[in-house]
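As a plain string of letters, each chain reads:
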Amino acid sequence: MARTVSDVFVATLIEAGVRRVYGVVGDSLNGLTDAIRKSEQIDWLHVRHEESAAFAAGADAQVTGQLAVCAGSCGPGNLHLINGLYDCQRTRVPVLAIAAQVPSSEIGSGYFQETHPEHLFKDCSYYCELVSQPEQMPRVLGIAMRTAIARQGVAVVIIPGDIALRHCHSQPLSLGLHQSVSATLPPSETLERAANVLNGAGTVAILGGAGCAGARSELLGVAERLKAPIVHALRGKEFIEYENPYDVGMTGLLGFASGYQAMMNCDALLVLGSDFPYQQFYPKDANIIQVDMRGEQIGRRSRVNVGIVGTVKETLQALLPLLESNSDRHYLDACLQHYAHTRKGLDELAAGSPGDSSIHPQFVAKLLDELASEDAIFACDVGTPTIWASRYLHMNGKRRLLGSFNHGSMANALPQAIGAQAAMPGRQVVTLSGDGGIAMLLGDLLTLRQLNLPVKVIVFNNGALGFVELEMKAAGWLSYGTDLVDPNFAKLAESADIKGIRAEAPEDLRPALQAALAHDGPCLVDIKVNRLELAMPPTITVEQALGFSLYIMRAVLSGRGEEVIDLAVTNLRCDFLLA
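How each quantity is defined
- Residues numbered from 1 in each chain as written.
- Predicted model: local features only at pLDDT ≥ 70, side-chain atom pairs only at ≥ 80, totals over all residues.
- Heavy atoms only, no water.
- Helix = DSSP H or I, 4+ residues; strand = E, 2+ residues; numbered from the N terminus.
- Buried < 20%, exposed > 50% of the residue type's maximum accessible area, 1.4 Å probe, protein only.
- Phe/Tyr/Trp six-rings, centres within 6.5 Å; stacked < 30°, edge-to-face > 60°.
- Pairing = 2+ DSSP bridges.
- Axes fitted to C-alpha atoms, helices over the stretch in contact; angles between N-to-C directions.
- Right-handed = clockwise from strand over helix to strand, strands pointing away.
- Contact = heavy atoms within 4.5 Å.
- Parallel < 35°, antiparallel > 145°, perpendicular 65-115°, else oblique.
- Left-handed = near helix turned anticlockwise from the far one by under 90°.
- Nonpolar A, V, L, I, M, F, W, Y, C, P; charged D, E, K, R; others polar.
- Lys, Arg positive; Asp, Glu negative; His and termini not counted.
- Salt bridge = Lys/Arg side-chain N within 4 Å of Asp/Glu carboxyl O.
- Polar contact = N/O pair within 3.5 Å; in protein donor to acceptor, adjacent residues only side chain to side chain.

(A) Representation of unusual backbone geometry in the model. Notably, Arg 92 is not glycine yet its phi reads approximately 65°, a positive angle. Mapped onto the elements of the fold, Arg 92 is located in the loop between helix H5 (82–91) and strand E4 (95–101). Residue classification places Arg 92 among the partly exposed positions, given a relative accessible area of 21%.

Now the structure itself:
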């Protein structure tokens, strides 16, 4: 039987193990979607916005470790993919994007919906090429898929709709490439230099990131040898935090004072698999050793004394025998004590009692952590939901935590949950959604019902772009343009035949979350949380203190003094201010 380019394209995807393609149909994709329709080995997952398709594919790749695929029709259709693909690229997950193009004979004529995807996708992909002839397609597709897998990022194949319908004499391609990342071991002289620095340091701290995945025992072994506290970046949380006797929390804008102080006061800092971006949180005087499989990342955030190009697991295996055993636990114990004190303070904020006038968002996250399954997959929106997720969700080696942690895009949680649930139908998938984030891609709430995905959507409804307000206050500005006039999201969900629950008081919260998590289909819980909750960073600069003082003065002088009182009542947890 004669094969079309689309037939061979889809057969090649199947040969590579792809089982889902996320997208929105369009006439320029007809050949590909029809080839998928005729196959029993691959499904088209119809979302309501192509941006959601890209986010979903990224989450699919993240939880499976396999190549995931999304598609957009010509012009506006594939343009919508871009923001999600930026997130995939910066999260370093293997994603193939199919960008349909206008008829090949019309390219360059300013045709209806014509764009130039080969330029548009250049900055958010490792590979982006146009298929202009049927004979070219298998080779371009193979290169694209291998590039996405080998470099752990995005590859884009652009294909005009008419080319996709032409006859193709090629056979489906076998990639001949395994999914596993190759190990990289640094030279012995570099390891010896690193060991000399660490052995000669009075106190050592470790900063671990996502690159520590799969290197848990080696990481703990080095920490024990050096008596070093372990600080983690946000993307390292799910791999480092649990059952870790050396854990002193996160650092950074969302982190703990204990993590910040452990890094700032050490003599030597060992950075493992992390591209933690905030320069102000690195120590100024410590000797820094950085291990990363991507050599171009070494030293771009802070001065580095010894740079090691290598995978974390193999590097630590080779480094450990060179390290002298440190018997002095003084610094480690001091850091652990500081962390226990910090953790206690954070947990005290996550409280709610019957009769309280509002629900603290910390209480929501803490209860969700308690009630969710031991292998739950969480997806948190950028902004305050990421703060509460990072501080109150506990990882255990089975749970996963997804977010737009490098790209920082709003509206990521719902579409990421779609991809995670589609890829892992037996797992509990839960979002921590902001009211701003859920509203931005609200149409894909309908996708949950259409695809019958039992995602639990937990909406932190504070009526504002909360994190933006915090940034404004810290810089001394009165909040402006941050108000959100929200619907009753629970009723909105019910209108789409999705179970909706609303919680407005602390006593409503536990039964609401229990009912949602027990429901056998998609469910949305709309929780009215306190708008004026502050999320304090681990350290406050003079500029931030002055900025906040300026905000208070401006608020009082502009007639918004009640806002200052409400802010104090919420965050000081004291009633005398109301007297």
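(B) Seen up close, the packing of aromatic side chains. For the structure on display, the rule yields six aromatic pairs. When the ring of Phe 256 is compared with that of Tyr 339, the centres are 5.9 Å apart and the planes differ by 15°; the resulting orientation is stacked. Of this pair, Phe 256 sits in the loop between strand E9 (247–250) and helix H12 (257–264) while Tyr 339 sits in helix H14 (residues 330–349), and the two are 83 residues apart along the sequence. The burial state of Phe 256 is the same as that of Tyr 339; both residues are buried. Residues Tyr 278 and Phe 281 carry aromatic rings whose centres are separated by 6.3 Å and whose planes lie at 75° to one another, so their mutual orientation is edge-to-face. Residue classification places Tyr 278 among the partly exposed residues on the basis of a relative accessible area of 34%.

(C) Examining the sheet that holds strand E1 (residues 20–23) more closely. Spatial ordering of the open sheet is given by E2-E1-E3-E4-E6-E5, a layout of six strands whose pairing is parallel. On the outer flanks of this sheet lie strand E2 (43–46) and strand E5 (127–130), each paired with one strand and no other. Direction aside, neighbouring strands of the sheet carry axes that sit 20° apart on average. When E1 meets strand E3 (residues 68–72), the two strands line up parallel, connected through three bridges. Among the inter-strand pairings, Gly 23 is bridged to a residue of E3, identified as Ala 71.

(D) A look at the pairing of strand E7 (residues 204–208). Across the five residues of E7, five count as buried, placing the element largely inside the fold. Here E7 shows a buried face lined by Val 204, Ile 206 and Gly 208 and a second buried face lined by Ala 205 and Leu 207. Sheet topology note: the E7/strand E10 (residues 268–272) ladder contains five bridges and is parallel. The residue of E10 that forms the bridge with Leu 207 is Val 271. The handedness of the E7 to strand E8 (residues 230–232) crossover, carried by helix H10 (residues 216–226), is right-handed.

(E) Structural context of H12. Residues Ser 258, Gly 259, Tyr 260, Ala 262 and Met 263 constitute the buried set of H12. On its buried side, H12 packs onto E7, E8, E9, E10 and H14.

(F) How the structure looks around the sheet that holds E7. Taken in spatial order, the six strands of this open sheet run E9-E8-E7-E10-E11-E12, and their pairing is parallel. The open sheet terminates on both sides in strands that have one partner only, identified here as E9 and strand E12 (306–309). Averaged over all neighbouring strand pairs, the angle between strand axes comes to 20°, with direction disregarded. Those strands touched by helix H9 (residues 188–199) are E7, E10, strand E11 (287–292) and E12, and its axis lies near 135° from that of E12. Its contacts with the sheet place H12 against E7, E8, E9 and E10, and it is angled at close to 110° to E9.

(G) Expanded view of the packing of H12 against H14. Contact geometry for H12 and H14: axes closest at 8 Å, N-to-C directions at 160°. Classified by the interaxial angle, the pair formed by H12 and H14 is roughly antiparallel. In this structure, H12 crosses over H14, and the sense of that crossing is right-handed. Between H12 and H14, the residues in contact are Ala 257, Ser 258, Gln 261 and Ala 262 and Tyr 331, Cys 335, His 338, Tyr 339 and Thr 342, respectively. For the contact of H12 with H14, the per-class residue count stands at five nonpolar, four polar and no charged.

(H) Focus on the side chain of Asp 435. When you line up the elements, Asp 435 lands in helix H18 (residues 435–440). No salt bridge forms around the buried Asp 435; measuring N to O, its nearest opposite-charge neighbour Lys 528 is 6.7 Å away. Of note is the side chain of Asp 435, whose polar atom sits 3.3 Å from the backbone nitrogen of Asn 462. For Asp 435, the contacting residues outside a window of four places in its chain are Val 459, Phe 460, Asn 461, Asn 462, Gly 463, Ala 464, Leu 484, Asp 486 and Phe 489.

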